[in-house]
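Chain residues, written in single-letter form:
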Amino acid sequence: MAHVDYQFEGWMGLDPSAADGKMVWQKFSPKQWEETDVDIKISHCGICGSDEHSLRSSWDWLPTKYPCCAGHEIVGTVVRIGTKVKNGLQVGDRVGVGAQTEACLGRLGYCADCDRGNEQYCPRFSTTACGTYINGETAYGGYASYHRCPAHFAIKIPDNLPSQLAAPMLCGGITIYSPLKHHGCGPGKRVGIIGIGGIGHFGLLFAKALGAQEVVAISRHANKEEEALQLGADRYIATADEHNWADKYARSLDIIVSTVSSADMPMDKYIGLLDTDGILVQVGLPADGSLTAPFAFLLNRRKVTSSMCGSPEEIWEVLRLAAEKSVHPWVQVVPMRDANQALLDTVAGKARFRYVLEN
């Protein structure tokens, strides 16, 4: 193996208490080098709400192996590149890595999803942070100095898109852009975004950038209304404060994307906001993995579905859209040394709307 003159160090979770602000900065050994890999010197890494779940291992269906390193909104510079990399990257390129770090890419036999460019739905999908590669090695994330991953999932960032803005687009942004684009968000479409937080605020920005006829922000209370309107919402529904909202706005939307993670959502009322043939996409992940859609409210050919993060091609597409349309997410840049406190502040809901760690 070739010698490198840099070390992999990061904020490591040694047990579930790491989610309580007890990550420890220490060295770690990345995946074994393959000639399809890149090494990236990290400049920025966004903090996603799911980082807390990964560190705490609170998802029964996706248990965490310790030690782990969180962070899957990684931006940095390529410092090493394998001889078998095929996507045109070069040393010195500024790239981003999102929530996915592995797919079979046909190496284990034909894969319909990888063949169609839907790598995020490959059965051998692995998360960038706290995931497991096909060879059994652990994937370490971006709360770190360097990151190693298959180059297929490292996406070159447009020159005019600042790194601190690009970082949260790699998970928060693409997670909501992908279903919006897939389900036809654009002129003539009335779009609702449930939950105005890290992912939800991207929904307002991208629905507007895609040319939606109307963009509606939906939250429990009115305290985020002014911010939602600044982000591009045409209308705001405060479900806990506005009497009779479900009847007042019934059948008024074509697409709804829900970013909230509670299993106690009033799904019947949300589905009731959809017009005939409307669709609700759930991207928030309930901790217990369950979600119920009452059948009676689906009778108008309404649909409830879900969506994963986004393919490398979609990530490039959303970064290009953001650069061309000057999409500016609301971020707060925090030094990497303050990762523990920034994570606690994220869990406490203090971010407006995304913290980004900076080396």
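See the structure above.
Nothing here was measured: the structure is a model prediction, and the numbers come from that model. (Residues numbered from 1 in each chain as written. Predicted model: local features only at pLDDT ≥ 70, side-chain atom pairs only at ≥ 80, totals over all residues. Heavy atoms only, no water.)

Draft legend 1. Structural context of the overall build of the chain. Each helix and strand in the chain was counted, giving 9 helices and 18 strands. Here the C-alpha radius of gyration of the chain, 20 Å, is about what a compact globule of 359 residues would show, namely 21 Å. Along the first, second and third principal axes, the C-alpha set of the chain runs to 65 × 40 × 40 Å. Counting the 359 residues in the chain, one finds 56% classified as buried. Sequence-distant contacts in the chain: of pairs separated by 6 or more residues, those separated by 24 or more amount to 70%. Total accessible area computed for the chain in this model is approximately 15,200 Å², and 49% of it derives from carbon and sulfur atoms. In the chain, 34 positive and 40 negative side-chain charges are present, and the distance between their average locations comes to 2 Å. (Helix = DSSP H or I, 4+ residues; strand = E, 2+ residues; numbered from the N terminus. Rg over C-alpha atoms; globule rule 2.2 N^0.38 Å. Buried < 20%, exposed > 50% of the residue type's maximum accessible area, 1.4 Å probe, protein only. Contact = heavy atoms within 4.5 Å. Areas by Shrake-Rupley, 256 points an atom, 1.4 Å probe, with all protein chains shown as cover. Lys, Arg positive; Asp, Glu negative; His and termini not counted. Charge placed at Lys NZ, Arg CZ, Asp CG, Glu CD.)

Draft legend 2. Highlighting the environment of Trp11. Within the element layout of this structure, Trp11 appears in strand E1 (residues 9-13). Trp11 gets classed as buried once you look at its relative accessible area, which sits at 13%. Along the chain, Trp11 and Gln26 lie 15 residues apart, while their C-alpha atoms are 6.6 Å from each other. Residues in contact with Trp11, not counting those within four places in the same chain, are Met23, Val24, Trp25, Cys68, Cys69, Ala70, Tyr143, Met336, Arg337, Ala339 and Asn340. Of the polar contacts made by the side chain of Trp11, one reaches the backbone oxygen of Met336; its length is 2.8 Å. (Polar contact = N/O pair within 3.5 Å; in protein donor to acceptor, adjacent residues only side chain to side chain.)

Draft legend 3. Structural detail: the packing of aromatic side chains. Enumeration according to the criterion identifies 10 aromatic pairs in this entry. An angle of 65 degrees between the planes, with centres 5.9 Å apart, marks the rings of Phe8 and Phe28 as edge-to-face. Pair noted here: Phe8 is in the segment before E1 and Phe28 is in the loop between strand E2 (24-27) and strand E3 (37-46), with a separation of 20 residues, a long-range link. Taking the relative accessible area as the measure of exposure, Phe28 reaches 10% and is therefore buried. A network of ring pairs unites the aromatic residues Tyr6, Phe8, Phe28, Tyr140 and Tyr146 as a single cluster. (Phe/Tyr/Trp six-rings, centres within 6.5 Å; stacked < 30°, edge-to-face > 60°.)

Draft legend 4. Looking closely at the pairing of strand E17 (residues 331-335). As judged from the 5 bridges shared by E17 and strand E18 (residues 354-358), these two strands associate in the parallel manner. Opposite Val334, over in E18, you have Leu357 as the bridge partner. As a crossover connection, the stretch from E17 through helix H9 (residues 339-347) into E18 is right-handed. (Pairing = 2+ DSSP bridges. Right-handed = clockwise from strand over helix to strand, strands pointing away.)

Draft legend 5. Quick peek at the environment of Met336. Relative to the assigned elements, Met336 resides in the loop between E17 and H9. In sequence terms Met336 and Asn87 are 249 residues apart; their C-alpha atoms lie 29 Å from each other.

Draft legend 6. Spotlight on the state of the cysteines. Under the definition given, this model contains 0 disulfides. This cysteine, Cys122, is not joined by any disulfide, and Cys104 carries the nearest cysteine sulfur, 3.6 Å off. Unpaired in this structure, Cys171 has its nearest cysteine sulfur neighbour in Cys48, at a distance of 4.1 Å. The buried category is assigned to Cys171, whose relative accessible area is 7%. (Disulfide = S-S within 2.5 Å.)

Draft legend 7. Geometry of the nonpolar core. Among the nonpolar cores identified, the biggest contains 51 residues, and Leu161, Leu180, Leu204, Phe206 and Leu319 are the most heavily contacted of them. Those elements that provide at least two residues to this core are helix H3 (163-182), strand E11 (190-194), helix H4 (198-209), strand E12 (214-219), strand E13 (235-238), strand E14 (253-258), strand E15 (274-282) and helix H8 (312-325). In terms of residues, this core owes the most to one element, H3, which gives 10 residues. Contacts of Leu319, omitting those with residues within four sequence positions, involve Ile155, Lys156, Ile157, Pro158, Leu161, Ala166, Met169 and Leu170. Judged by nonpolar contacts, the second largest core, of 42 residues, contains Trp11, Met23, Cys130 and Leu357. (Core = buried A, V, L, I, M, F, W, Y, C linked by side-chain atoms within 4.5 Å.)

Draft legend 8. Seen up close, the side chain of Lys31. Looking at where Lys31 falls in the secondary structure, it is placed in the loop between E2 and E3. Residue Lys31 is classed as buried on the basis of its relative accessible area, which comes to 3%. What Lys31 contacts, discounting residues up to four positions off in sequence, is Asp37, Tyr133, Glu137, Arg148 and Cys149.

Draft legend 9. Molecular detail of the sheet that holds E12. With parallel pairing, 6 strands are arranged side by side in an open sheet as E13-E12-E11-E14-E15-E16. Each edge of the sheet is formed by a strand with only one pairing partner; in this case those strands are E13 and strand E16 (303-306). Ignoring strand direction, the axes of neighbouring strands in this sheet form an average angle of 20 degrees. Relative to E16, E15 runs parallel, the two being bridged by 4 bridges. Looking at E16, one finds that Ile279 is bridged to Lys303. This element, H4, spans E11 and E12 of the sheet and lies at about 170 degrees to E12. (Axes fitted to C-alpha atoms, helices over the stretch in contact; angles between N-to-C directions.)

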